[in-house]
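Tertiary structure, described
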Amino acid sequence: MPRHIVTLLLLLLTSTSTVSAQQTLRWGADPSGGAPYVYTDPANPDRYIGYEKEMVDALAEAMGRRAEFIPSDWETLVSALQRKSFDIIVNGLEPTGDRAQQIAFSNPYYVFQLQLTVRRDDDRIHSLDDCKKRTVGTLGNTAASRLLQQQGIPFRSYQDPVGAYRDLELKRIDAVVMDVPAEAFYARDNPKLKQAGPPFSRGTYVIGLRKGDDALKAEVDRAIEKMITDGTLEKILTKWKLWNEAQVEFQTSVKTKTPPAIPFEMTNSIFNWGEALLRLTRAALVTVLIALGSMVIAVTLGLPLAVGQWNGPKWLRAVCTVYVEFFRGTPVLVQLLFLYFGLPVIGIAMPGWLTALVGLGLNYAAYESQVYRSALDAIPKGQWEASYSLGMSPLLAFRRIILPQAFRIALPPMTNDFVSLFKDTSVAFAISVWELATAYRELANASGQFLLLGVTVSLFYLAMSLPMAHLARMLEQRLSNRATERHDDAEVPA
Amino acid sequence: MIKVENLRKRFGANEVLKGINFEVPPQTILGVIGASGSGKTTLLRCLNGLETISEGSVTCAGVHLEGGLAAAEYKKRVRALRLKVGTVFQHFYLFPHLSVVGNVIEAPVHVLHTAKKTAETEAYELLESVGMKHAARRYPESLSGGEQQRVAIARALAMHPALLLLDEPTSALDPRRIQTLRGLLRGFAEKGHTMIIISHSIGFLGGVSDNLLYMEGGLVVEHGPTDQVLNSPKDQRVKEFINQAE
């Protein structure tokens, strides 16, 4: 090896070790829709800002470390921490009983409350008690979602506050429960929404650590206490308009080392398999509904598309081709997001399940049309000519002679598509439809039962797709058997 | 029964039929003979409306089709003509998704709106006459070429055509079956059917047709009673064709 490369390598090695002389503090949080905790600076998109960003910077400084932010995904923060993607979670994390089984917590650094928000013209809902039979939106896997679950209030989980408040505006849900900081940032100034009742419940934000990282935990706790006593945290919170009575009370109790006057509530998710299976069954039914509904759309709409593209006038052929290429050439996920978030702009706000059903239907119609088209192409021209010479009109020939034959050719690829459509319903999770994939993600995140729930959900999928594949095979076999069986007595002498 | 006058067919600049004239008297069989590329298949496709006539006319059982008509009118007359002219294609084109009897009753039931029962009764009679009644419930894939052809004949006859066209009926048959077919077609002629049979097999046409028509280069070269054309052709080209065939 040439000597200068060795030197270069040595240089690189020494330079990294000088940097790591100052230890890093790798922290994970979800910056998407994450204001005011940590989010992309709208003025400077490659910078993150937020009160927790500033807090962690101060925290790291107090620890003599360099903060390194690892953007992550809220729903999977705990498992990412366990995988050592980062060393601490700082993301408005609430200590909950179920999380306590998986990770360790620092001492609290902030006291949060929850706020219920409704549409401005709504006079039915004044508190959570009025929501027993309505759908409430909230962030998935939060203290708020656990509270709703505990009280038996039907709720929908969102991945960010923006989506939840928008669906509230669009009347897809009736109310939103959110931590006050997020509510203050995303909803308070929205003229179409209003607060329903005062803030309620009282919980704390803590920093999440891996179990066994005791030295780091002690270091973090010391740094939190220092930030509180020397006023650094107060300064940051004041800057972000998050300084309030609850913080005064809390910080005083820390400074004077006395317990707080009002105890903090710790929500526990009550995970039991009976309930999980029930919710999974509901999710499975939604999955089947979406799959069947969209297949009906695909099969029905596919035919005119195929015929138009195959034998229509020039303009119609162009229209059909554009349709097919558009839906085949763009990801179904993007199409769903467009239907869900884009269409409301022009006044069409469908509920999530219907959006998924229509979206997948429109998408698969493009694929089915191509299956039909190649099946139609596969019918020999002679079949048309024989029909015509028997006096049939083109329409009659198509309906009675061509279509039945094309159907037999199209059947195997169609059933194939149906099985894959069935699995594609999982993209509906992007628009918060409670189907199997969503159910898996949320139940697993809330319980940590990734493995067992994963196996269960897979079994659910298999229990539905295997009979379908079997049915398809039987259908195909019956069609082809008819031909072979008949062949046995074929050579009867003429 | 059918009268063809000055029939011309052009594909772009290429004229395939250059003015064909002939007539087929009722209850006779006309054999059309000629080498490949002589235009005989195009002629047949003009007679059942699968090709659009460029010039001239075809008259069959009261339907008059001529070149140069307005598209809508032409279409209407083609539909009428097709009800008068039945076709048995070289490759039969049976409907594979329908049983043998289903093939035969399809057009009577859906085009002529004959009651299904009536159509079936008649279909069984026709299948019996072509010796295929035993296979009525079977599907085309399971039939031999000869059997498929006989079903195709029954299917065409079920529409009571005034004229039956057969395109290269011997191409898929072995010699024994050709013999059977000849007997079958003669029988139908005696029962009053009129037919045009296109073939390049002189042997077959010689035994079955009343008249022969020899085509070459899109023109009728010779047309007359079968014996006369075969034994004393006037045209040298016909003589050579016959000699080569022997």
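Reading the values: the criteria
- Residues numbered from 1 in each chain as written.
- Chains lettered and ligands numbered in written order.
- Predicted model: local features only at pLDDT ≥ 70, side-chain atom pairs only at ≥ 80, totals over all residues.
- Helix = DSSP H or I, 4+ residues; strand = E, 2+ residues; numbered from the N terminus.
- Rg over C-alpha atoms; globule rule 2.2 N^0.38 Å.
- Buried ≥ 20, exposed ≤ 12 C-beta atoms within 10 Å, placed from the backbone.
- Contact = placed C-beta atoms within 7 Å.
- Axes fitted to C-alpha atoms, helices over the stretch in contact; angles between N-to-C directions.
- Parallel < 35°, antiparallel > 145°, perpendicular 65-115°, else oblique.
- Left-handed = near helix turned anticlockwise from the far one by under 90°.
- pLDDT = per-residue confidence, 0-100.
- Pairing = 2+ DSSP bridges.
- Nonpolar A, V, L, I, M, F, W, Y, C, P; charged D, E, K, R; others polar.
- Domains from an automatic or database assignment.
- Expected span 1.5 Å × (residues − 1).
- Core = buried A, V, L, I, M, F, W, Y, C linked by C-beta atoms within 7 Å.

Here we look at the overall build of chain B
Of regular secondary structure, chain B possesses nine helices and ten strands. For chain B, the C-alpha radius of gyration of 18 Å lies close to 18 Å, the compact-globule estimate for 246 residues. Its C-alpha atoms give chain B principal-axis dimensions of about 50 × 45 × 30 Å. Every one of the 246 residues in chain B was classed for burial, and the buried ones make up 44%. Taking the intrachain contacts of chain B between residues at least 6 apart in sequence as the baseline, contacts between residues at least 24 apart amount to 63%.

Focus on the overall build of chain A
Across its full length, chain A carries 18 helices and twelve strands. The dimensions of chain A, computed from C-alpha atoms along their principal axes, are 110 × 80 × 45 Å. Here chain A, with 494 residues, has 39% of them falling under the buried criterion. Counted over contacts in chain A with a minimum sequence separation of 6, partners at least 24 positions apart contribute 74%.

A look at the packing of helix H2 (residues 51–63) of chain A against helix H8 (residues 214–229) of chain A
Residues and elements named next belong to chain A. H8 packs onto H2 with a crossing angle of 115 degrees between their chain directions and a minimal axis gap of 9 Å. It follows from the interaxial angle that H2 and H8 lie roughly perpendicular. Between H2 and H8 lies a crossing whose hand is right-handed. Contacts between H2 and H8 involve Ala58, Leu59, Ala62 and Met63 from the first element and Glu219, Ala223, Lys226 and Met227 from the second.

Quick word on the confidence of the model for chain A
Residue and element names in this part refer to chain A. Looking at chain A, pLDDT values average 87 and 91% of them are 70 or higher. Averaged pLDDT values for the elements of chain A fall to 54 in helix H1 (residues 3–19) and rise to 95 in helix H15 (residues 381–389). Note that residues 484–494 has pLDDT below 50 and, in this model, 15 contacts with residues that lie over four places away or in other chains.

Remarks on the pairing of strand E5 (residues 63–66) of chain B
Residue and element names in this part refer to chain B. Pairing between strand E4 (residues 55–60) and E5: four bridges, direction antiparallel. Paired with cysteine 60 across the strands is valine 63, a residue of E5. The antiparallel hairpin formed by E4 and E5 contains two residues in its connecting segment, where alanine 61 sits at a positive phi of about 45 degrees.

A look at the packing of helix H3 (residues 100–110) of chain B against helix H4 (residues 116–129) of chain B
All names here are of chain B. It is the contact of H3 with H4, at a shortest axis distance of 9 Å, that shows an interaxial angle of 130 degrees. It follows that H3 is oblique to H4 by the angle criterion. For the element pair H3 and H4, the recorded crossing hand is right-handed. Counting all contacts with H3, which are made through Val100, Val101, Val104, Ile105, Pro108 and Val109, the residues of H4 involved are Lys116, Ala119, Glu120, Ala123, Leu126 and Leu127. The residue makeup of the contact of H3 with H4, split by class, is ten nonpolar, no polar and two charged.

What about the sheet that holds strand E1 (residues 2–11) of chain B?
All names here are of chain B. Taken in spatial order, the four strands line up as E2-E1-E4-E5 in an open sheet, and their pairing is antiparallel. Bordering the open sheet on either side are strand E2 (14–24) and E5, each of which pairs with just one other strand. If you compare each strand with its neighbour and ignore which way they point, the axes differ by 20 degrees on average. With five bridges joining them, E1 and E4 adopt antiparallel strand pairing. Considered in E4, the bridge of valine 4 is made with valine 58. Those strands touched by helix H1 (residues 40–47) are E1, E2 and E4, and its axis lies near 65 degrees from that of E2. Docked against the sheet, helix H2 (residues 71–84) engages E4 and E5, running at close to 130 degrees with respect to E5.

As for the interface of chain B and chain A
Taken residue by residue, the interface counts 29 residues in chain B and 23 residues in chain A. At the level of secondary structure, the elements contributing two or more residues to the side of chain B that touches chain A comprise H2, H3, helix H5 (145–157) and helix H6 (175–190) of chain B. Each residue belonging to the side of chain B that touches chain A can be placed in one class, and the counts come to eleven nonpolar, eleven polar and seven charged.

A closer look at the pairing of strand E6 (residues 85–88) of chain B
Residue and element names in this part refer to chain B. Neither face of E6 is left uncovered, since the one carrying Val85 and Thr87 and the one carrying Gly86 and Val88 both have all their residues buried. Both E6 and strand E7 (residues 163–167) contribute to a ladder of four bridges, which runs parallel. Each bridged residue has a counterpart across the sheet, and for glycine 86 the counterpart in E7 is leucine 164.

Some thoughts on the environment of phenylalanine 95 of chain B
Checked against the element boundaries, phenylalanine 95 of chain B lands in the loop between E6 and H3. In this structure, the C-alpha to C-alpha distance between phenylalanine 95 of chain B and phenylalanine 204 of chain B, residues 109 residues apart in sequence, is 27 Å. Excluding anything up to four places from it in sequence, phenylalanine 95 of chain B contacts Gln383 and Ile401 of chain A together with Asn103 and Glu106 of chain B.

Focus: the domain arrangement of chain A
All names here are of chain A. As assigned here, chain A comprises domain 1 (22–109 + 204–255), domain 2 (110–203) and domain 3 (273–487). A C-alpha centroid distance of 36 Å is found between domain 2 and domain 3. Each partner contributes to the interface: domain 2 provides seven residues, whereas domain 3 provides seven residues. Per-class residue counts for the side of domain 2 that touches domain 3 are two nonpolar, three polar and two charged.

Looking at H8 of chain A
The terminal C-alpha atoms of H8 of chain A lie 22 Å apart, and with 16 residues this matches the ideal 22 Å at 1.5 Å per residue to within 8%. Looking one or two residues beyond H8 of chain A, the residue adopting positive phi is glycine 231 of chain A, at roughly 85 degrees.

Topic: the nonpolar core
Counting residues in hydrophobic clusters, the biggest one holds 76 residues, and the most contacted among them are Ala154 and Ile196 of chain B. With six residues, H5 of chain B is the largest single contributor of residues to this core. Among the nonpolar cores identified, the runner-up in size contains 69 residues, and Tyr37, Trp74, Val78 and Phe250 of chain A belong to it.

Observations concerning the sheet that holds strand E9 (residues 211–216) of chain B
Residues and elements named next belong to chain B. Across the sheet, six strands lie side by side as E6-E7-E8-E3-E9-E10; this open sheet has mixed pairing. Every interior strand has two partners, whereas the edge strands, E6 and strand E10 (219–225), have only one. Direction aside, the axes of adjacent strands within the sheet are offset by 20 degrees on average. With four bridges connecting them, strand E3 (residues 29–33) and strand E8 (residues 194–198) associate as parallel partners. Pairing of isoleucine 29 across the sheet is with methionine 195, part of E8. This element, H5, spans E6 and E7 of the sheet and lies at about 170 degrees to E6.

Thoughts on the confidence of the model for chain B
Put simply, chain B has an average pLDDT of 93, and 100% of its residues get 70 or more. Here the predicted complex carries an ipTM of 0.94, next to a pTM of 0.73.

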